[in-house]
Amino acid sequence: MRPYDHKKIEIKWQKRWEKEKLHKADDKSKKKKYYCLVEFPYPSGDGLHTGHVRSYTAMDIIARKRRAEGYNVLYPIGWDAFGLPTENYAIKTKTPPKVVTKKNTNTFRRQLKSLGLSFDWSREINTTDPSYYKWTQWIFLQLFKHGLAYKKKMPVNWCLTCKIGLANEEVVDGACERCGGATEKREKEQWMLAITKYADRLDKDLEAVDYLERIKIGQKNWIGKSEGAIIKFQILNSKFQIEVFTTRPDTLFGATYMVLAPDHELVEILKGQIKNWDEAARYVIQTKKKTEIERTAEGKEKTGVRLEEVFAVNPANQEKIPVFIADYVLKEYGTGAIMAVPAHDERDYKFAKKFGLPIKIVVEPVTGERREGEEKRRSIVALVRDPKTKKILSLDWGKALGGRLFIGGGLENRESPEEAARREILEETGYKNVRLTSVSEKIHHHYFAHAKGVAREIEATGLYFELLDGERTDVRHEDSERGKFKIEWVSEEEAGRDVSDPLHLYIFSKFVLGKCYEGSGILTDSGKWNGLDSETAKKEIIEFVGGIPKVIYKLRDWVFSRQRYWGEPIPIIICGKCGYVPVPEKDLPVKLPEIKTYTPTDTGESPLSKVKKWVNVKCPKCKGKAERETDTMPNWAGSSWYYLSYIMKGISNLKFPISKYKKGFEYWMPVDWYNGGMEHTTLHVLYSRFWHKFLFDIGIVPGSEPYAKRTSHGMILAEGGEKMSKSKGNVVNPDSIVNTFGADTLRLYEMFIGPFDQAVAWSTESIVGPRRFLERVWKMKEKIGKTGDADSTAQVEKAVKKISEDIEAMRFNTAVSELMIVSNALDKSSSISKPVYEKFLRILAPFAPHVAEEIWSILGNKKSIHNESWPKYDATAFIETTLTIMVQINGKVRGKFTIPSETPEEKIKEKALSLPETAKWISGGKPKRIIYVKGRLVSIVV
RNA sequence: GUCGCGGUGGCGGAAUGGUAGACGCUAUGGACUCAAAAUCCAUUGAUGGCAACAUCGUGAGAGUUCAAGUCUCUCCCGCGACACCA
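So, how was this worked out
Residues numbered from 1 in each chain as written. Chains lettered and ligands numbered in written order. Predicted model: local features only at pLDDT ≥ 70, side-chain atom pairs only at ≥ 80, totals over all residues. Heavy atoms only, no water. Helix = DSSP H or I, 4+ residues; strand = E, 2+ residues; numbered from the N terminus. Buried < 20%, exposed > 50% of the residue type's maximum accessible area, 1.4 Å probe, protein only. Contact = heavy atoms within 4.5 Å. Areas by Shrake-Rupley, 256 points an atom, 1.4 Å probe, with all protein chains shown as cover. Lys, Arg positive; Asp, Glu negative; His and termini not counted. Charge placed at Lys NZ, Arg CZ, Asp CG, Glu CD. Expected span 1.5 Å × (residues − 1). Pairing = 2+ DSSP bridges. Axes fitted to C-alpha atoms, helices over the stretch in contact; angles between N-to-C directions. Salt bridge = Lys/Arg side-chain N within 4 Å of Asp/Glu carboxyl O. Core = buried A, V, L, I, M, F, W, Y, C linked by side-chain atoms within 4.5 Å. Near = heavy atom within 4 Å. Polar contact = N/O pair within 3.5 Å; in protein donor to acceptor, adjacent residues only side chain to side chain. Nonpolar A, V, L, I, M, F, W, Y, C, P; charged D, E, K, R; others polar.

A count of helical and extended segments in chain A gives 28 helices and 41 strands. Among the 942 residues that make up chain A, the fraction classed as buried is 53%. Look at the contacts in chain A between residues 6 or more apart in sequence, and 74% of them connect residues 24 or more apart. In the form shown here, chain A has an accessible surface area of approximately 44,200 Å², with 51% of it arising from carbon and sulfur atoms. Considering chain A, the positive charge centre built from 155 side chains and the negative charge centre built from 127 side chains are found 7 Å apart.

Between its first and last C-alpha atoms helix H24 (residues 812-828) spans 25 Å; for 17 residues at 1.5 Å apiece the expected length is 24 Å, and the two agree. Among all positions of H24, only Phe812, Asn813, Ala815, Val816, Glu818, Leu819, Met820, Val822, Ser823, Ala825 and Leu826 are buried.

Okay, the sheet that holds strand E29 (residues 579-582) next. The sheet built from 4 strands is open, its strands ordered E29-E28-E31-E30 with antiparallel pairing. Each edge of the open sheet carries a strand with a single partner, namely E29 and strand E30 (616-618). The sheet shows a mean angle of 40 degrees between the axes of neighbouring strands, taken without regard to direction. With 3 bridges connecting them, E30 and strand E31 (residues 625-628) associate as antiparallel partners. From the neighbouring strand, asparagine 616 faces E31, where its bridge partner is glutamate 627. Lying over the sheet, helix H5 (residues 130-145) contacts strand E28 (572-575) and E29, oriented at roughly 130 degrees with respect to E29.

Before going further, it helps to spend a moment on the environment of tryptophan 13. Among the structural elements, tryptophan 13 can be located in helix H1 (residues 6-19). Overall, the relative accessible area of 6% leaves tryptophan 13 in the buried class.

Turning next to the pattern of salt bridges. The full count for this structure, using the stated rule, is 54 salt bridges. Measuring nitrogen to oxygen at the nearest pair gives 2.8 Å for the salt bridge that ties lysine 33 to aspartate 672. With lysine 33 in strand E1 (residues 33-38) and aspartate 672 in the loop between helix H18 (662-668) and strand E32 (673-677), this residue pair connects regions lying 639 residues apart in the sequence. The class for aspartate 672 is buried, based on a relative accessible area of 18%.

Moving on: the nonpolar core. In terms of nonpolar packing, the biggest core is built from 83 residues, with Tyr35, Phe140, Phe665 and Trp691 touching the most fellow members. Take this core: its biggest share by element is 9 residues, from H5. Each residue touching tryptophan 691, except ones within four places of it in the same chain, is listed here: Thr136, Ile139, Leu143, Leu193, Trp558, Phe560, Ala637, Ser640 and Trp641. In this structure, Tyr4, Ile62, Val800 and Ile807 belong to the second largest nonpolar core, which totals 81 residues.

One key point about sheets: their strands pair by backbone hydrogen bonds, in either a parallel or an antiparallel sense. Spatial ordering of the open sheet is given by E2-E1-E32-E33-E10, a layout of 5 strands whose pairing is parallel. The open sheet is flanked by strand E2 (72-74) and strand E10 (210-211), the only strands paired with a single partner. Packed on one face of the sheet, helix H2 (residues 50-68) meets E1, E2, E32 and strand E33 (709-713) and runs near 175 degrees to E1. Relative to E33, helix H7 (residues 213-223) is tilted by about 100 degrees, and along the sheet it contacts E10 and E33.

Further remarks concern unusual backbone geometry. For residues that are not glycine, phi is negative in most cases, and the peptide bond is trans in most cases. Following leucine 588, the chain continues into proline 589 via a peptide bond in cis, with omega recorded as 0 degrees. Structurally, the position occupied by proline 589 is in the loop between E29 and helix H16 (612-615). Between phenylalanine 656 and the following residue, proline 657, the backbone shows a cis peptide bond with an omega angle of -5 degrees. Within the secondary structure, proline 657 sits in the loop between helix H17 (642-652) and H18. The residue asparagine 237 is not glycine, and still its phi comes out positive at about 55 degrees. When you line up the elements, asparagine 237 lands in the loop between strand E11 (226-235) and strand E12 (241-246). Taking the relative accessible area as the measure of exposure, asparagine 237 reaches 73% and is therefore exposed. In the Ramachandran plot, lysine 623 falls in the positive-phi region, its phi being about 65 degrees despite a non-glycine side chain.

It is worth spelling out the protein's contact with RNA strand B at this point. The immediate surroundings of RNA strand B are formed by 51 residues, with Thr247, Tyr333, Arg347, Lys554 and Arg936 found nearest. Counted by atom, the contact set of RNA strand B within 4 Å of the protein is 61% sugar and phosphate. Between a phosphate oxygen of RNA strand B and a side-chain N or O atom of tyrosine 333, the distance comes to 2.3 Å. The contact in question runs from a phosphate oxygen of RNA strand B to an N or O atom on the side chain of asparagine 824, over 3.2 Å. Among the secondary structure elements, those contributing two or more residues to the surface near RNA strand B are H7, E12, helix H22 (768-780), H24, strand E38 (882-889), strand E39 (892-900), strand E40 (929-933) and strand E41 (937-941). Tallied by class, residues from the surface near RNA strand B come to 22 nonpolar, 14 polar and 15 charged.

Take a look at the structure:
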């Protein structure tokens, strides 16, 4: 027998498949289509990563299964080749990016081909080909013509050391990614795409697609929809008003001051009215100057300046409130101004504390659950803190009676809360001398008093005391119903951990942790809405003050300009007379000129600006002197429509006009299954959904969503569990694994390594496992005989079922494990029947396509195994004829027995009781209960 | 801080509420060999016991249940994303 020589086998079949065009997708097929997509790689100089192998192999398995199921499968690949690393490499080595890209894609192509992935290579695309980016430019022009691309002054990240503009992704924690130096924001005119116009649809349409839940959540959070209202506040002695956006109009009565973003237009407008203008102006400048690092380093420390003599009127209660500027309010979000409600917003609370502003409580919390027929009571909860030991007085009632609590009790007669609290402290703990430091708002607490069997609503007041000295009286507990409790002084930590009663916990977090209440509740101090539920009050209060209900999004418009060379030129001509003029379609693509230096200019402009021959053009409209736009597009541009380019490549090799492709889009779109990295959830997937929706709106594509299903793979980490990185020297090169173990082994290993959607650490040691498995499968063909045993036949049938299901659910690790279980079973039997072995090979084929094909042909099959249909399984083959029944006694497994599967329940129970083990454990007692779980176990309770 | 994911042997990880540790790696012993590698066989959660067997055991604590890795609550730790979003 020949040994298993992976090198020979793999190269041989890869050549054969390519020659026979085995994986070519057919544009004219009558079959049902299935479009499998993986994120096309950025061809970096480092070559293919183990992470690519993981994602691509997984989708390859799915593609192969779909082909076997009779679908016309499109599984394409290409290169997302514009980008910074290539450009930076070009700057350093003076090699044209085009040349670098060519070299890198050659490496990637060779590596991908060596893995036996069933890509349709005839559709390979490259975002840096002019024939490709003419379309990227074409789509940009459509966006421009529809008013979705516009130019605006926007802050750019500027590295103070390198003196160049940086893309957002080059700024890490406020520092320049290359030199580590500080960055700041500089204003520059930038091209923007109005993705916010699609925010609502991008959010809502998530309901209609099959994305992993965490991907949907990621997108939703990024879009950041929030519902609220715009409310206007009149400025005293001025014709101007301050507009704010708020999600909490119910707290309007508690708005005790206002804050404008330092760069808010009103600041400049109100200049004459602001008495301390110098101070305010200084703060505005300071804020602008602040680098990103400073801003983040400052953390949550609030700063700001009061605009003296400027007052606004709270429209709810006509109160005169001061106005501030502070950088915790952002100009870009909402209206750039807020009404501050320090009692019910953590940030406003901190600011108010620092500036000594009034904190007015307007929402009373509700704790516990409301029940029918509640009895109303008033009570107090008192916290006593010993300033010397910093400990808090608590009562431990024991588990049954609520655990650790503070001091609580009802109000008697006409007692005030303070009187009641002092009385309770004395009665329950004996401490005589305490000083009241603060009192809380009312808390509406609902609970069920088990001892008395009544539901209660209590209006509780929290009181915070300081212990003055240790003088105590004896404590007698005549109230027997309460039982005994232990009086203990506990640390803040212990108290926070042990106290679980929601009312007590609320008062603790208010006084000790200094938290304000941000939840909903019952309104107070709010005019005619007192006593109303805050959620209900929202609408009414908006209406009362003439507010406008409004939905806003966190999502911002997409900054689409890069001042770089290696990207698609933005196809716009800037004319002094005509403004921004689109390059006519017939002149596309606007090709990147070949230049010598790729370094960005000192002014932060693209290196293209220095190529005068390229820049100076005639205006297409007025034929006058004009200049080209020198900004280029970001990385995300080419990948926002690439899934369409594969279809176009197959039909007419990306030639104009777009109408050629309509039928192709109708047949192939949407992508049926798209797998990629979690890191692309918010940017790439969102951007491409936006472009697709736009293309749908202008009638290019048939549906409004590009991807019907999106899944995500976990990262592959280096052996220690850290990220693989060149600097750490822990990168695994797939080439060396393919060389020593073979592509089939690598594929199996990466599928077996762990749950597909989770991060897993690489382990070179473990690769031998899948290799040994393949060796066993290889040798097994020697054992083919006329008959096989029934057991291994059943195993194979079962495996077909399990593996079919596992592939669909991306449980590749358990699928491989199942293949191993089958091979172990086949290995044990002395003779294997050919049909059983062949069936096994057919389910192995998507995972290890080369060995499966080789053995398949050795067995005498003339046609490729990859043209075989997906096997069906015979469920009757693995129906158990005998059952193993477990016997549990008081929940513990004490014995088991086997019995024919048709045995009636009564017989099984009898048998269970008659077992010697059962007798031993019951030891004379009578079973109280016998539970039978069908086909599994008998549970006996004694 | 918020959101998401996770915590199970020496390691990667299995497990519709029903025999925890499938499958793989490692390690130990044995077979083969002059020897080694490879391969094959056996053992491999902890503790006690000659053994049969027993007890404990899925980050911690509580709860629901005849039965909890799995469900509920509270908390701790690790990873990832976002981060003053009104």
